[in-house]
Amino acid sequence: MNYLVGLTGGIGSGKSTVADMFATLGVRIIDTDLISHQLTQADGAAIPALRDAFGPQVVDVHGALDRGKMREIVFNDPAKKKTLESILHPLIFAETRLQAASPTQAPYSLVVVPLLFESGRYADWLQRVITVDCPEKSQIARTMRRSNLDEPAVRAIMAQQLSRDERLALSDEVILNNGSLDDLKAQIVGMHLRLSKLANESD
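Residues numbered from 1 in each chain as written. Predicted model: local features only at pLDDT ≥ 70, side-chain atom pairs only at ≥ 80, totals over all residues. Heavy atoms only, no water.

An unreviewed UniProt entry lists the protein chain under the name Dephospho-CoA kinase, from mine drainage metagenome.

1. So, the sheet that holds strand β4 (residues 128–133)
Pairing in this open sheet of 5 strands is parallel, and the strands run β2-β3-β1-β4-β5 from one edge to the other. Bordering the open sheet on either side are β2 (28–31) and β5 (173–176), each of which pairs with just one other strand. When strand polarity is set aside, the average angle formed by the axes of neighbouring strands in this sheet is 25 degrees. Note: strand β1 (residues 4–8) against β4, 4 bridges, orientation parallel. Its bridge partner being in β4, V5 is matched across the sheet by R128. On top of the sheet, helix α2 (residues 32–39) reaches β2 and β3 (109–112); it is set at about 50 degrees to β2, its chief contact. Contacting β1, β2 and β3, helix α5 (residues 78–101) runs over the sheet at an angle of about 170 degrees to β2. (Pairing = 2+ DSSP bridges. Helix = DSSP H or I, 4+ residues; strand = E, 2+ residues; numbered from the N terminus. Axes fitted to C-alpha atoms, helices over the stretch in contact; angles between N-to-C directions. Contact = heavy atoms within 4.5 Å.)

2. Overview of unusual backbone geometry
Most peptide bonds take the trans form, and the phi angle of most residues other than glycine is negative. In this model, D43 sits at a positive phi of 60 degrees, which is unusual for a non-glycine residue. The class of D43 is exposed, set by a relative accessible area of 72%. Of note in this structure, N148 is not a glycine but carries a positive phi near 60 degrees. Position of N148 among the secondary structure elements: in the loop between α7 (136–147) and α8 (151–159). For N148, a relative accessible area of 72% translates into the label exposed. (Buried < 20%, exposed > 50% of the residue type's maximum accessible area, 1.4 Å probe, protein only.)

3. Some remarks on the packing of helix α1 (residues 15–24) against helix α10 (residues 181–202)
Packing of α1 against α10 brings their axes to within 10 Å, and their N-to-C directions diverge by 55 degrees. Comparing their axes, α10 and α1 come out oblique. At the point where α1 passes α10, the crossing takes the right-handed sense. Between α1 and α10, the contacting residues are T17, V18, M21 and F22 on the first element and L181, L184, K185, I188, M191, H192 and L195 on the second. (Parallel < 35°, antiparallel > 145°, perpendicular 65-115°, else oblique. Left-handed = near helix turned anticlockwise from the far one by under 90°.)

4. Focus on the packing of aromatic side chains
For the structure on display, the rule yields 3 aromatic pairs. Seen in terms of ring centroids, F93 and Y122 are 4.9 Å apart; in terms of plane orientation they differ by 75 degrees. Their pairing is edge-to-face. With F93 in helix α5 and Y122 in the loop between α6 (116–119) and β4, this residue pair connects regions lying 29 residues apart in the sequence. Across this residue pair, the class does not change: F93 and Y122 are buried. Seen in terms of ring centroids, F93 and W125 are 5.6 Å apart; in terms of plane orientation they differ by 80 degrees. Their pairing is edge-to-face. (Phe/Tyr/Trp six-rings, centres within 6.5 Å; stacked < 30°, edge-to-face > 60°.)

Shown next as structure tokens:
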């Protein structure tokens, strides 16, 4: 069986940067955000169920999910958000498992899941879980810069995620993303060596 390591972290923590660094070390990356986009692109596997549940207005002229429209619908409606998750999450998990089961020459696979602990699906299936951690003010600043959101909007998103302390308590490994890129890379190289050894010993 492939050795599977989860990667998670709050919004704006730097998960994509960390995953890219692991990729340069020869690790296979399975990105659930990318899978979600594939499922909701034109003629994606999730589109028929989304159209049935939310109506034709959530599908754009190309046949893909209109993400802006869907955000408007679910943002302040917990029931509709739950409906969206009940459609997407099982499909994402099934595709993730499919990709993880395929053969690889990589020492292990890194499964990137933003809401890993919140979803309740992944933790028992993975051998280790890494959390990318940084101070809240850094999360907010990065997300505002990247997503063109104001601070109250970013805080509203963060409020729907586990707290920093809860996430850290559930993790096996922590990468601190509160310094330079060189510092980040040094942490990742060290962790990669340890994870490669663990993966090798598990065979």
